[in-house]
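# Residue-level structure breakdown
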Amino acid sequence: IKGKEAIRMTCEQAQALVKARLSHKRYKHTLNVKNKAVALAERYGADPEKAALAALLHDAAKELPRDAMLQIFRDNAIMAKNAASRPSPVWHGIAAAILCATDWGVTDPAILSAIECHTTGKANMSLLDKILYMADATSAERDYPGVETLRREEMQDLDLALLHSLEQSIAFVREKGGALDPETLAACNWLRAQRGLATEEKT
Ligand code: FE
Ligand code: FE
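First, a word on scope: everything that follows refers to the structure included in this document. Quick caveat: nothing in here was measured; it's all calculated off a predicted structure.

A word on the overall build of the protein chain. Assigned secondary structure in the protein chain consists of 11 helices and 0 strands. Reading the protein chain from its N terminus to its C terminus gives the helix and strand order α-α-α-α-α-α-α-α-α-α-α. A compact globule built from 203 residues would reach a C-alpha radius of gyration of about 17 Å, and the protein chain, at 16 Å, matches this within 12%. Projected onto its principal axes, the C-alpha coordinates of the protein chain cover approximately 45 × 40 × 30 Å. Counting every position in the protein chain, which comprises 203 residues, the buried fraction comes to 47%. Carbon and sulfur atoms make up 54% of the accessible area of the protein chain, which amounts to about 10200 Å² in all. Computed over 27 positive and 27 negative side-chain charges, the inter-centroid distance for the protein chain is 1 Å.

Moving on to the nonpolar core. Of all hydrophobic cores here, the largest spans 63 residues; its most connected members are L57, F73, I115, I131 and M134. Looking at this core element by element, the count peaks at 8 residues for helix α6 (residues 91-102). Sequence-distant contacts of I115, defined by excluding residues within four places in its chain, comprise A54, L57, H58, G93, A96, A97, C100 and L132.

Now for the coordination of the iron ion (ligand 1). At the metal site, the iron ion (ligand 1) is ligated by D59 (OD), H92 (NE2) and H118 (NE2), and these contacts range over 2.1 Å. The distance between the iron ion (ligand 1) and the iron ion (ligand 2) comes to 3.4 Å, with D59 serving as a donor to both metals. A residue pair is termed long-range when its members are at least 10 positions apart, and D59 in the loop between α3 (48-57) and α4 (66-75) and H118 in the loop between α7 (109-116) and α8 (127-138) qualify at 59 residues. Each member of the pair, D59 as well as H118, is classed as buried.

This brings us to the coordination of the iron ion (ligand 2). Coordination of the iron ion (ligand 2) by the protein involves H29 (NE2), H58 (NE2), D59 (OD) and D136 (OD), with metal-donor separations of 2.2 to 2.3 Å. Counting along the primary sequence, the residues that act as donors to the iron ion (ligand 2) give the motif H-x28-H-D-x76-D.

What follows covers the side chain of T30. Positionally, T30 belongs in helix α2 (residues 24-44). Not counting the four nearest positions on each side in its chain, T30 is found in contact with V18, L22, A55, L56, H58 and D59.

Let's shift gears to the packing of aromatic side chains. The way to describe two aromatic rings as a pair is by their centre distance and the angle between their planes. For the structure on display, the rule yields 1 aromatic pair. Each ring, one from F73 and one from W91, has its centre 6.1 Å from the other, and the planes form 90 degrees; the classification is edge-to-face. Of this pair, F73 sits in helix α4 while W91 is found in helix α6, placing the two residues 18 residues apart along the sequence. For W91, a relative accessible area of 4% puts it in the buried group. The residue whose ring lies beneath R43 is Y44, and the NZ or CZ to ring-centre distance is 4.4 Å.

This part takes up α4. Listing the buried residues of α4 in full gives M69, L70, I72 and F73. In a view along the axis of α4, the buried residues occupy a sector of 155 degrees, so they form one face of it. Among the exposed residues of α4, those oriented more than 90 degrees off its buried face are D67, R74 and D75. Those residues of α4 hidden inside the fold are in contact with α5 (77-80) and α6.

Moving on to the layout of surface pockets. Considering only enclosed or pocket space, the largest pocket measures out at about 1100 Å³ in volume. In terms of lining residues, the largest pocket is bounded by 34 residues, among which T119, D136, R142, S169 and F172 are the most central. Elements with a contribution of two residues or more to the lining of the largest pocket: α2, α8 and α10 (158-176). By residue number, the principal contributor to the lining of the largest pocket is α10, which donates 6 residues. For the lining of the largest pocket, a count of residues per class yields 12 nonpolar, 11 polar and 11 charged. In this structure, the second largest pocket spans a volume of roughly 160 Å³.

How each quantity is defined
- Residues numbered from 1 in each chain as written.
- Chains lettered and ligands numbered in written order.
- Predicted model: local features only at pLDDT ≥ 70, side-chain atom pairs only at ≥ 80, totals over all residues.
- Heavy atoms only, no water.
- Helix = DSSP H or I, 4+ residues; strand = E, 2+ residues; numbered from the N terminus.
- Rg over C-alpha atoms; globule rule 2.2 N^0.38 Å.
- Buried < 20%, exposed > 50% of the residue type's maximum accessible area, 1.4 Å probe, protein only.
- Areas by Shrake-Rupley, 256 points an atom, 1.4 Å probe, with all protein chains shown as cover.
- Lys, Arg positive; Asp, Glu negative; His and termini not counted.
- Charge placed at Lys NZ, Arg CZ, Asp CG, Glu CD.
- Core = buried A, V, L, I, M, F, W, Y, C linked by side-chain atoms within 4.5 Å.
- Contact = heavy atoms within 4.5 Å.
- Donors = N, O, S within 2.8 Å, 3.2 Å for Na, K, Ca; no water.
- Phe/Tyr/Trp six-rings, centres within 6.5 Å; stacked < 30°, edge-to-face > 60°.
- Lys NZ or Arg CZ within 6 Å of the ring centre and 35° of its normal.
- Arc of directions from axis to C-beta.
- 1 Å grid on protein atoms, 1.4 Å probe; cavity = no way out; pocket = protein on both sides within 12 Å on 5 of 7 lines; lining within 4 Å.
- Points joined across faces, edges and corners; volume = space filled by probe spheres on them.
- Nonpolar A, V, L, I, M, F, W, Y, C, P; charged D, E, K, R; others polar.

So this is what it looks like as structure tokens:
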């Protein structure tokens, strides 16, 4: 089928593109995220090719200098929204989504959304958003405390694993005294409300 063919081609191109743009270590991470994203897509009935493409491209802008990312935001103000005022660790997802749309011919809004929010989550995440977020958090090379529990949970209850991952990330940022992105808090509160839990304190 022609549509499938086009997506497969794009996955191959995406892999070559990121191989050229990323360090070996981050390229390996990217392939691990792809494998995990495909497994989660198959588990939850999402399109595995979309999951693969989103995963392959999610960190494509991660090794750009910060000035280059800020320039991308200035050149694409509508897509970038308030990116420049958000904590710099979240910039690379937004920059990658913009480059996908402007330079790389990836136009599927579901894929762009998943790439854009992969570091932080957001309220009302789609299945693909959740899959990429968790695939990035639990890819094979991750070894932080608690990752094994998340790997188990994500195959049983994706939303619960996502909530726990977001809570851990909020606790980690607070512990370090870093800047907490409002979207992470929004994602966490959204999931907690869905489960009838009290919302996180806003800070
Ligand atoms: Fe990332
Ligand atoms: Fe990543």
